[in-house]
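In case you want the letters, here they are:
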Amino acid sequence: MPLLLSKPINKDSAYAVWNIQETYDVVKTLHNEPIPDNLKPQRLSEWIIGRVLIKNICAILDVPYKGITVDETGKPHLIDNDVHISITHSFPMAAAMIHRKNACGIDLERPRHKLFSIREKFINSREKKYVDDLYNLCAVWCGKEVLYKIYGRKQLSLRDHTTIEIKTPELLSGKIHKEDFNKTYKIHYEQIKDYYLAYSL
């Protein structure tokens, strides 16, 4: 099975990445919980592998796993456990992370030229220096998706309420700035195959 990575970030958190090469018929044998009946096979494969990854990380961190539920905003949570989880997928890749104490976020993206056409929707004036480079745009997009997942509530504008600064090729600084919420996060950034992975530290 193409589990690419499964490793701790620190004593309280870990992440894992999967390259989905299995057919849906194989993927569904990896999961013995009820599955949605309104999703197509590719989306179901992502849904299942996200849960397989969370179970894998729970084993690494010795966290009990009773399943996953989602809240009214769609944010996933472990059942009967207050550790924080985050799941991402961009077929055929999927990734997930757990943090025992802090809200966390993970995102996985392939650099796509489509980012140029939507950049005005997520780039603010402090990030204009990144608009003409696809790989910088991808880093900013990934970092903002991480912040969105950390925030975990609706009504967060990626352009107006978040700012990313690329510190090094492997470290981003991400800030959420809303009237009721103002916090800065360190975000790790790395290449995996032809994708880029970002997750909060």
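Up top you'll find the structure we're talking about.
Residues numbered from 1 in each chain as written. Predicted model: local features only at pLDDT ≥ 70, side-chain atom pairs only at ≥ 80, totals over all residues. Heavy atoms only, no water.

S.K.: Sorry, what's going on with the sheet that holds strand β5 (residues 84-90) here?
M.R.: Two orientations exist for strands paired in a sheet by backbone hydrogen bonds: parallel and antiparallel. Judged by pairing direction, the sheet is antiparallel, and its 4 strands sit side by side in the order β1-β2-β6-β5 without closing on themselves. Each end of this open sheet is capped by a strand with a single partner; those strands are β1 (3-10) and β5. Strand-to-strand twist in this sheet, taken as the mean axis angle between neighbours without regard to direction, amounts to 10°. Here 7 bridges tie β5 to strand β6 (residues 93-99), and the two strands are oriented antiparallel to one another. What sits directly across from His84, in β6, is His99. (Pairing = 2+ DSSP bridges. Helix = DSSP H or I, 4+ residues; strand = E, 2+ residues; numbered from the N terminus. Axes fitted to C-alpha atoms, helices over the stretch in contact; angles between N-to-C directions.)

S.K.: Quick question: what am I supposed to make of the packing of aromatic side chains here?
M.R.: Between two aromatic rings, the relevant description is the distance of the centres plus the angle of the planes. Here the structure, examined in full by the defined rule, presents 5 aromatic pairs. Taken together, the ring pairs in this structure connect Tyr135, Tyr189 and Tyr196 into an aromatic cluster. Geometry around Trp47 places Arg51 over its ring, the cationic atom sitting 3.8 Å from the centre. Note that Arg153 overlies the ring of Tyr151, its terminal NZ or CZ placed 4.2 Å from the centroid. (Phe/Tyr/Trp six-rings, centres within 6.5 Å; stacked < 30°, edge-to-face > 60°. Lys NZ or Arg CZ within 6 Å of the ring centre and 35° of its normal.)

S.K.: Explanation requested: the pairing of strand β9 (residues 171-178) in the structure shown.
M.R.: Across a regular strand the side chains alternate sides, sitting on one face of the sheet and then on the other. Judged by how many residues are buried, β9 sits mostly within the fold: 6 of 8 residues are covered. Pairing of strand β8 (residues 162-168) with β9, which is carried by 6 bridges, proceeds in the antiparallel orientation. Across the sheet, Thr162 pairs through a bridge with Ile176, a residue of β9. Where β9 lies against strand β10 (residues 181-192), 8 bridges are found, and the strand directions are antiparallel. Opposite His177, over in β10, you have Asn182 as the bridge partner. Joining the antiparallel neighbours β9 and β10 is a turn of 2 residues. (Buried < 20%, exposed > 50% of the residue type's maximum accessible area, 1.4 Å probe, protein only.)

S.K.: Got a minute to help me understand the pattern of salt bridges in this structure?
M.R.: Any two side chains of opposite charge can pair, on the condition that their charged atoms come close. In total, this model carries 13 salt bridges according to the counting rule given. For the salt bridge of Asp194 with Arg110, the shortest nitrogen-to-oxygen distance reads 3.4 Å. Of the two residues, Asp194 is situated in the loop between β10 and β11 (195-200) and Arg110 in the loop between β7 (106-109) and α3 (114-122); the sequence distance between them amounts to 84 residues. Among the salt bridges present, the one from Glu127 reaches Lys144, with a minimum N-O distance of 3.1 Å. On the criterion of sequence distance, the pair formed by Glu127 in the loop between α3 and α4 (134-151) and Lys144 in helix α4 is long-range, its members being 17 residues apart. The class of Lys144 is buried, set by a relative accessible area of 0%. Each member of the salt-bridge network shares a partner with another, and the members are Lys11, Asp12, Arg100 and Lys101. (Salt bridge = Lys/Arg side-chain N within 4 Å of Asp/Glu carboxyl O.)

S.K.: Hey, could you run me through the pairing of strand β2 (residues 13-19) in this one?
M.R.: Among the 7 residues that make up β2, 7 are buried, leaving the element largely enclosed by the rest of the structure. By the alternation rule, side chains of β2 split into Ser13, Tyr15, Val17 and Asn19 and Ala14, Ala16 and Trp18, which are all buried. As defined by bridge partners, β1 adjoins β2 across 6 bridges and the pair is classed as antiparallel. Bridged to Leu3 within β2 is Trp18. Connecting the antiparallel pair β1 and β2 is a turn made up of 2 residues. Sheet topology note: the β2/β6 ladder contains 7 bridges and is antiparallel. Residue pairing in the sheet places Trp18 in a bridge with Ala94 of β6.

S.K.: Even after reading the chapter, I still don't get the sheet that holds β11, so can you show me in this structure?
M.R.: The 5 strands are arranged β7-β11-β10-β9-β8 in an open sheet whose pairing can be described as antiparallel. Each edge of the open sheet is held by one strand with a lone partner, namely β7 and β8. The mean inter-strand angle of the sheet, taken between neighbouring strand axes irrespective of direction, is 25°.

Note that every value here comes from positions in space, so none of it alone points to a role or purpose.
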